[in-house]
Amino acid sequence: MSARVIDGKDAARASNARVAAALAELKSTHGLVPGLTVVLVGDNPASKVYVANKKREARAAGFNSTAHRLPATASQAEVLATVGRLNADKSVHGILVQLPLPRQMDAQAVIAALDPAKDVDGFHAVNTGLLWGAGGGLVPCTPQGCMLLLRRATDKIAGSHAVVLGRSSIVGKPLAALLLGADCTVTVAHSKTRDLPAVCRQADILIAAVGRPEMVRGGWVKPGAVVIDVGINRKADGKLVGDVAFAEAAEVAGAITPVPGGVGPMTIACLLRNTLIAACRQAGLPAPAL
Ligand code: NDP
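Because the structure is a prediction, the values reported are computed rather than measured.

Peer 1: Would you take a moment to explain the overall build of the protein chain for this structure?
Peer 2: Secondary structure assignment for the protein chain yields ten helices and eleven strands. Rg of the C-alpha trace for the protein chain: 19 Å, near the compact-globule value of 19 Å for 290 residues, within the 12% margin. By its C-alpha atoms, the protein chain is 50 × 45 × 35 Å across when sized along the principal axes. Within the protein chain, buried positions represent 48% of all 290 residues. For the protein chain, the share of sequence-separated contacts (at least 6 apart) that also reach a separation of at least 24 residues comes to 70%. Carbon and sulfur atoms make up 55% of the accessible area of the protein chain, which totals about 13100 Å². For the protein chain, the centre of its 31 positive side-chain charges and the centre of its 21 negative side-chain charges are spaced 2 Å apart.

Peer 1: Sorry if this is basic, but what is going on with the site of the ligand here?
Peer 2: As a matter of local geometry, the ligand sits amid 21 residues, with R167, S168, S191, I232 and T267 nearest to it. A distance of 2.7 Å separates an oxygen atom of the ligand from a polar atom in the side chain of R167. With respect to the ligand, the backbone of I232 contributes an N or O atom lying 3.1 Å from an oxygen atom. Notes on the ligand: free accessible area 930 Å², of which the protein chains cover 70%. Split into classes, the residues belonging to the shell around the ligand amount to nine nonpolar, ten polar and two charged.

Peer 1: Where do I start with the domain arrangement of the protein chain in this structure?
Peer 2: A common way to report how large an interface is uses the accessible area buried once the components associate. Entries for the protein chain in the domain assignment read domain 1 (30–116) and domain 2 (141–264). A separation of 29 Å is found between the C-alpha centroids of domain 1 and domain 2.

Peer 1: What is the right way to look at the pattern of salt bridges in this model?
Peer 2: Pairing is possible between side chains of opposite charge, provided their charged atoms come close. Overall, the coordinates contain six salt bridges when judged by the stated rule. One salt bridge in this structure joins R152 and D10, with 3.1 Å as the shortest N-O distance. Remark: D10 occurs in helix α1 (residues 8–30) and R152 occurs in helix α6 (residues 141–153); sequence separation between them is 142 residues. D204 serves as the salt-bridge partner of K222, at 2.7 Å between the closest nitrogen and oxygen. Of the two residues, K222 sits in the loop between β7 (205–208) and β8 (226–229) while D204 sits in the loop between α8 (196–200) and β7, which places them 18 residues apart along the sequence. Via salt bridges that share partners, D10, R13 and R152 belong to a single interconnected network.

Peer 1: Honestly, the sheet that holds strand β3 (residues 64–70) in this entry has me stumped. Any pointers?
Peer 2: The pairing of strands in a sheet happens through backbone hydrogen bonds and is either parallel or antiparallel. Pairing is parallel across the open sheet formed by three strands, whose spatial order is β3-β2-β4. Strands with a single pairing partner mark the edges of an open sheet, and in this sheet they are β3 and β4 (94–97). When the angles between neighbouring strand axes are averaged without regard to direction, this sheet yields 20°. Here strand β2 (residues 35–41) pairs with β4 via four bridges, running parallel. Its bridge partner being in β4, T37 is matched across the sheet by I95. Across the sheet, helix α2 (residues 45–61) lies against β2, β3 and β4, angled at about 160° from β3, the strand it touches most.

Peer 1: Even after reading the chapter, I still don't get the sheet that holds β8, so can you show me in this structure?
Peer 2: Ordered in space as β1-β11-β8-β7-β5-β6, the six strands form an open sheet in which the pairing is parallel. The open sheet has two free edges, formed respectively by β1 (4–5) and β6 (185–189), since each of these has just one partner strand. Relative to β8, β7 runs parallel, the two sharing four bridges. Within β8, the residue paired with A208 across the bridge is D229. Lying over the sheet, α6 contacts β1, β7, β8 and β11 (255–256), oriented at roughly 155° with respect to β8.

Peer 1: Is there a simple way to think about the nonpolar core in this case?
Peer 2: What tends to happen in soluble globular proteins is that the nonpolar side chains get buried as a cluster. By size, the foremost hydrophobic cluster in this structure holds 29 residues, and its most contacted members are L150, L175, L179 and I228. Listing elements by their share of this core, those giving two or more residues are α1, α6, β5 (161–165), α7 (172–181), β7, β8 and α10 (263–282). Considering each element in turn, this core owes the most residues, five residues, to α6. Discounting residues that sit within four places of it in the chain, L179 has contacts with M147, L150, A162, V164, C184, V186 and I207. Residues L26, V38, L272 and L285 belong to the second largest nonpolar core, which totals 24 residues.

Peer 1: Explain the pairing of β2 here, please?
Peer 2: It is a general feature of regular strands that their side chains alternate between the two faces of the sheet. Of all seven residues in β2, seven are buried, a share of seventy percent or more. Residue alternation in β2 divides its side chains into two sets, G35, T37, V39 and V41 and L36, V38 and L40, and both sets are buried. Bridge count for β2 against β3 is seven bridges, and the pairing is parallel. Bridged to V38 within β3 is A67. Considered for its hand, the β-α-β crossover made up of β2, α2 and β3 is right-handed.

Cut-off values and rules
Residues numbered from 1 in each chain as written. Predicted model: local features only at pLDDT ≥ 70, side-chain atom pairs only at ≥ 80, totals over all residues. Heavy atoms only, no water. Helix = DSSP H or I, 4+ residues; strand = E, 2+ residues; numbered from the N terminus. Rg over C-alpha atoms; globule rule 2.2 N^0.38 Å. Buried < 20%, exposed > 50% of the residue type's maximum accessible area, 1.4 Å probe, protein only. Contact = heavy atoms within 4.5 Å. Areas by Shrake-Rupley, 256 points an atom, 1.4 Å probe, with all protein chains shown as cover. Lys, Arg positive; Asp, Glu negative; His and termini not counted. Charge placed at Lys NZ, Arg CZ, Asp CG, Glu CD. Near = heavy atom within 4 Å. Polar contact = N/O pair within 3.5 Å; in protein donor to acceptor, adjacent residues only side chain to side chain. Nonpolar A, V, L, I, M, F, W, Y, C, P; charged D, E, K, R; others polar. Domains from an automatic or database assignment. Salt bridge = Lys/Arg side-chain N within 4 Å of Asp/Glu carboxyl O. Pairing = 2+ DSSP bridges. Axes fitted to C-alpha atoms, helices over the stretch in contact; angles between N-to-C directions. Core = buried A, V, L, I, M, F, W, Y, C linked by side-chain atoms within 4.5 Å. Right-handed = clockwise from strand over helix to strand, strands pointing away.

Right under this line is the structure:
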């Protein structure tokens, strides 16, 4: 293996320590304890694990962290009423609605009901608009985490050709906006892209977010490229793998994230960063440099 492994756990630990220090300062100087609330509807087992992890990490960093649970049979009106109450609650600075929501629910309508200032997932249309426009909104956590890992891996982001595999609203599209903002030349590829391997081989920075286990082969990677693997896929034997065939790609890439231990830990770390930023803004304080 020739590639340097980009350690997401270490990056997340470092980020969480900075957030915890800023939080302690906020508490001692302004008596402010930022609050994060996760809304969980139904009992999707994976969602329950994600919510428990978020709550644990948030508490460990010093946030006031709570979860609101509604049954899978809850109506859209009940979820909207919960969001309305949390929007009005001054002790809650960040609200995250855990996705996916049960089938009967219109997830877009629920996200649209969030106060954009408390939308720590960064999915509200106001935050999406700011991401593609003037900036200054809350930036979606997984793409934000990818950028932090990228900055750890290389100081040659500006001017690089970045290829993003996947165009979802939660990963691919916001990542494209962030890479463009970092002065990359950006190609967004998807299921209708012709000759995907050839497109990927042009990438100085290759980011895979397709949800297809080990789809990106070693031969798709340009020698020396930085490869960020967002995918989390469980194989039939229970093993977790990314969207990139790690062993093959690591022979060719300059740096690469592992799965697990790459992008995953950064997603929660960025949720904590967003909640801290949201709390400072709501209190009229400058956001600390993280
Ligand atoms: P989506 O299913 O919403 O989007 C997948 C994207 O990949 C789509 O744009 C789709 O194209 C494209 N795609 C699918 N198959 C192919 C293919 N064969 N060739 C080219 N493009 C393809 O997924 P998400 O963006 O939500 O998630 C992507 C992956 O990232 C998943 O594995 C998910 O588990 C993981 N993830 C990890 C997170 C973390 O914290 N590490 C957080 C969020 C997601 P088209 O638009 O044409 O259909």
